[in-house]
Each structure stands twice: as C-alpha cells, then as structure tokens.
Amino acid sequence: MPFVPHALTPRTAALLLVPPLLWAGNAIVGRLVHELIPPLTLNFLRWLLAFVVLLPIAHQVLKRTSPLWPHWRHFALLGLLGVGCYNSLQYLALQTSTPINVTLVASSSPVFMLAMGALFFKQTVRKRQMFGAVLSIAGVMLVLCRGDWHALAHVHWVLGDVFVLIATLCWAWYSWLLSHSPAPAEVRGNWAFFLMAQIAFGLVWSGAFTAAEWAGLTGWVDAHISWSWPLVAALVYVAVGPALLAYRCWGLGVQRVGPNIASFFANLTPLFAATLSVLALGELPQLYHVAAFVLIIGGIVVSSRQ
C-alpha cells in the first residue's frame with residue numbers, strides 16, 4: 001500500500017530539526033579528524049561505540065527467539081545503506097572537500113527521494129515538491145560550479161562530490177525502506193530495538209569495508225590511527241549525537257510525514273555546517289554559498305506547503 005503521511009506539526013518539525021544540526025557537527029568533526037583516522041575506520045568505530053551504548057537496553061532484540069530474524073534480509077539492507085555506506089562515503093568525501101560543500105551537495109536528496117518514491121513506492125509527486133526539488137538542485141549545482149554558472153560546461157568534479165552524491169542516493173533508499181518496513185510491531189515499536197537491529201547488521205558491512213581499507217584495497221596507502229583525547233571526544237560525539245540521537249529523530253520524523261517532506265529538512269544541514277565551519281575551522285562561506293542557502297530554504301518552504 002502507498003505510504004500515507006501525516007500533516008507536518010510543530011512538534012514533528014522540531015524533531016526533524018535535530019538531525020541536520022547533529023549531522024552538520026558530524027561533517028565538521030569528520031573534517032577535523034581526517035588526518036588522525038582513516039574514514040572507513042572512523043565510521044566503523046563510531047557505530048561500534050553506538051552499539052555498545054545501546055546494548056544494555058536493546059540486547060533482547062538480538063536473541064535467537066527475537067522476531068527480528070525472519071526479516072534479517074530487510075535489516076541487512078538497512079544496515080548496508082544507513083550504517084555501512086552513508087557515513088563511510090561522507091567521511092571519504094571529507095578527505096577532499098569541505099563540510100560546507102559536502103553538506104550542500106547532499107542537499108540533492110529531495111530529487112532522489114521524489115524520484116525513488118514515484119518509481120518504486122507508488123507515491124504521487126506534487127508540482128510544489130517538484131519545484132522545491134528544482135530549487136534545491138539549483139543550489140547544489142551552484143556549489144559544484146563554485147558560483148560560476150558558465151563553468152558548468154567544464155565542471156571538474158572533486159572526488160568528494162561524487163562520493164557524497166552516491167551517499168545521498170543510499171540515504172534516499174534507506175529512508176523509503178524505513179517508511180515501508182515489514183518489521184514486526186515488537187521491533188518497529190521500540191526505537192532502541194529497531195535501531196539496534198540496523199546497527200548489528202551495519203557493523204558487519206562496515207567491518208568488511210574497514211578490513212579492506214587496512215588491507216590497502218581502497219587506495220588508502222598509510223592507514224593508521226593517531227590516538228589522542230580530541231579523537232576520543234570526536235568518536236563519542238559522532239556515536240551518541242549523529243548516530244543514535246539523529247537516527248532516532250529521523251526515523252520518527254520519516255514515519256510521521258514521509259521521506260519526501262523530511263528530506264527538505266535535511267537541507268538545513270549546510271546552513272548549520274556553514275555556521276559551525278566559521279566557529280571551528282575558520283572556513284568562511286562564499287557568496288555562492290549564501291545564494292545556495294537561499295535556494296535550499298526556498299525549496300523547503302515551497303515543498304512543505306499543502
């Protein structure tokens with residue numbers, strides 16, 4: 001059956017503001033520690049720590065008798081997309097790009113959400129949503145060409161831009177699977193159980209990617225970890241904030257209003273990232289970043305109107 005979203009309420013809007021703020025911090029932290037730890041290893045340790053934090057209240061879902069196991073393929077796919085791929089690709093992108101650019105390019109998510117919903121999940125796309133998506137993608141293109149529209153004909157993609165676009169496609173698929181999850185009520189109705197099931201399978205994928213990274217199969221020549229208290233603090237933040245809290249709020253928001261509307265709130269991430277970049281990295285936004293923000297906010301306003 002097609003997913004029927006509820007109306008966007010102030011409470012749900014507040015809930016959906018939490019993930020972009022935490023994800024903006026995730027991009028900043030990922031950039032700050034990119035010389036201290038390899039990107040795929042960072043993602044694995046982040047989710048391993050989140051697993052440990054969640055284990056005391058959600059270990060029951062991993063028992064043999066858990067209703068999770070008849071649906072293991074679904075959770076294996078959720079774990080691959082949301083845990084194994086999404087942030088691994090984002091951390092890879094931050095090796096060659098800035099947090100502002102990475103989060104702005106990720107603002108193309110409404111396009112992927114709308115297209116995937118229409119093609120595979122029998123969702124009706126309204127004209128306002130299409131126009132909002134056009135505004136968002138215009139903001140992304142403005143970043144890719146670094147503010148020079150004429151440069152689009154000769155645009156040279158930074159490798160990080162490619163990584164984050166693939167990550168955004170994974171996130172769109174993940175979000176639609178969340179709203180159409182066949183998980184039994186005992187798992188889906190308990191946020192800790194539902195997230196733990198995803199993390200457990202995601203750690204398998206992420207662990208495999210990390211092993212490949214240390215074996216030199218990903219092109220990472222000198223994989224090493226420079227342990228320090230700032231790195232430990234960074235791991236705690238990305239595990240508790242962008243992982244547990246953000247995924248919890250995102251899951252609730254998607255279940256209430258659907259991926260299409262939720263995706264436009266994710267576009268606030270670059271706005272928060274730009275503010276945090278000034279404070280933490282000294283990377284001042286350029287004029288084309290401001291123009292991109294205007295386009296993105298316009299996309300949110302247009303698309304969320306009934």
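Residues numbered from 1 in each chain as written. Predicted model: local features only at pLDDT ≥ 70, side-chain atom pairs only at ≥ 80, totals over all residues. Heavy atoms only, no water.

(A) The arrangement of the overall build of the protein chain in detail. A tally of helices and strands in the protein chain yields twelve helices and zero strands. Counting from the amino terminus, helix and strand elements in the protein chain follow one another as α-α-α-α-α-α-α-α-α-α-α-α. For the protein chain, the proportion of its 306 residues judged to be buried stands at 52%. Sequence separation of 24 or more characterises 86% of the internal contacts of the protein chain that already satisfy a separation of 6 or more. Surface exposure of the protein chain reaches about 13,600 Å², of which carbon and sulfur atoms provide 71%. (Helix = DSSP H or I, 4+ residues; strand = E, 2+ residues; numbered from the N terminus. Buried < 20%, exposed > 50% of the residue type's maximum accessible area, 1.4 Å probe, protein only. Contact = heavy atoms within 4.5 Å. Areas by Shrake-Rupley, 256 points an atom, 1.4 Å probe, with all protein chains shown as cover.)

(B) Structural view of helix H3 (residues 72-93). Taking 1.5 Å of rise per residue, the 22 residues of H3 would be expected to cover 32 Å, and the 30 Å separating its terminal C-alpha atoms lies within 8% of that figure. Counting buried positions along H3 yields 18 of 22 residues, so the element is predominantly enclosed. (Expected span 1.5 Å × (residues − 1).)

(C) Representation of the packing of helix H9 (residues 191-214) against helix H10 (residues 229-266). Viewed as axis vectors pointing N to C, H9 and H10 meet at an angle of 110°, and their least axial separation amounts to 11 Å. Regarding the angle of H9 to H10, the classification is roughly perpendicular. Crossing geometry of H9 relative to H10 is assigned as right-handed. Within the contact between the two elements, H9 uses Trp191, Phe194, Leu195 and Ile199 and H10 uses Leu244, Tyr247, Arg248 and Gln255. Among the residues making up the contact of H9 with H10, the classes are represented as six nonpolar, one polar and one charged. (Axes fitted to C-alpha atoms, helices over the stretch in contact; angles between N-to-C directions. Parallel < 35°, antiparallel > 145°, perpendicular 65-115°, else oblique. Left-handed = near helix turned anticlockwise from the far one by under 90°. Nonpolar A, V, L, I, M, F, W, Y, C, P; charged D, E, K, R; others polar.)

(D) Geometry of the environment of His224. Structurally, the position occupied by His224 is in the loop between H9 and H10. As for His224 and Pro38, which are separated by 186 residues in sequence, their C-alpha atoms are 6.8 Å apart. Look past the residues within four positions of His224 in its chain and what remains in contact with it is Glu35, Leu36, Ile37, Pro38 and Trp214.

(E) Highlighting a nonpolar patch on the surface. Side chains of Val53, Trp227, Trp229, Val232, Val236, Val240 and Leu245 sit close together on the surface and give an oily, nonpolar patch of about 710 Å² of accessible area. Sorting elements by how many residues they give to the nonpolar patch places H10 first, with five residues. Tracing the sequence through the fold places Leu245 in helix H10. (Patch = residues over 30% accessible without salt bridge, like charges linked within 9 Å, V, L, I, M, F, W, Y side chains within 5 Å. Salt bridge = Lys/Arg side-chain N within 4 Å of Asp/Glu carboxyl O.)

(F) Quick look at the nonpolar core. Counting residues in each nonpolar core, the largest one holds 72 residues, and the members touching the most others are Trp47, Leu54, Phe75, Trp171, Ile199, Tyr247 and Trp250. Mapped by element, the contributors of at least two residues to this core are helix H1 (10-32), helix H2 (39-58), H3, helix H4 (99-105), helix H5 (109-120), helix H7 (159-179), H9 and H10. Ranked by residues supplied to this core, first place goes to H10 with 16 residues. Among all residues touching Ile199, those that are not within four sequence positions of it are Trp47, Ala50, Phe51, Leu54, Val83 and Leu244. The next biggest cluster of nonpolar side chains, apart from the first, holds seven residues, and it includes Leu142, Ala274, Ala292 and Phe293. (Core = buried A, V, L, I, M, F, W, Y, C linked by side-chain atoms within 4.5 Å.)

(G) Looking closely at the packing of aromatic side chains. Under the counting rule described, the total for this entry stands at ten aromatic pairs. Relative to Trp171, the ring of Tyr86 lies with its centre 4.6 Å away and its plane at 35°, an arrangement referred to as tilted. Of this pair, Tyr86 sits in helix H3 while Trp171 sits in helix H7, and the two are 85 residues apart along the sequence. According to the relative accessible area criterion, Trp171 is buried, its value standing at 4%. Geometrically, the ring pair formed by Trp171 and Trp250 is tilted, given 5.6 Å between the ring centres and 45° between the ring planes. Taken as a pair, Trp171 in helix H7 and Trp250 in helix H10 lie far apart in primary sequence, 79 residues in all. Look at Trp250 and you get buried, because its relative accessible area is 1%. Among the aromatic residues, ring-to-ring pairing joins Trp23, Trp47, Tyr86, Trp171, Tyr174, Tyr247 and Trp250 into one connected group. (Phe/Tyr/Trp six-rings, centres within 6.5 Å; stacked < 30°, edge-to-face > 60°.)

(H) Structural context of H9. Given a rise of 1.5 Å per residue, 24 residues ought to cover 34 Å, and the 33 Å separating the end C-alpha atoms of H9 matches this to within 8%. Roughly 25° is the biggest bend found in H9, and it falls at Gly202. Between a side-chain oxygen at the N-terminus of H9 and the backbone nitrogen of Ala192 the separation is 3.0 Å; the capping residue is Asn190. After H9 finishes, the residue Gly216 shows a positive phi value of roughly 80°. (Bend = angle between axes of the 7 residues up to and from the residue. Polar contact = N/O pair within 3.5 Å; in protein donor to acceptor, adjacent residues only side chain to side chain.)

(I) Examining the packing of H1 against H10 more closely. Across the interface, H1 lies against H10 with an axial gap of 7 Å and an inter-helix angle of 135°. The orientation of H1 with respect to H10, classified from their angle, is oblique. Crossing angle aside, the handedness with which H1 passes H10 is left-handed. Taken together, the residues of the contact of H1 with H10 break down into 25 nonpolar, five polar and two charged.

(J) Representation of the side chain of Gln90 in the model. Considering the arrangement of structural elements, one finds Gln90 in helix H3. A relative accessible area of 5% places Gln90 in the buried class.

(K) Molecular detail of the environment of Ala93. Residue position: Ala93 is located in helix H3. Given the relative accessible area of 0%, Ala93 is considered buried. Sequence separation of Ala93 and Val158 is 65 residues, and the distance between their C-alpha atoms is 8.8 Å.

Remember, this is a structural readout, not a statement about activity or role.
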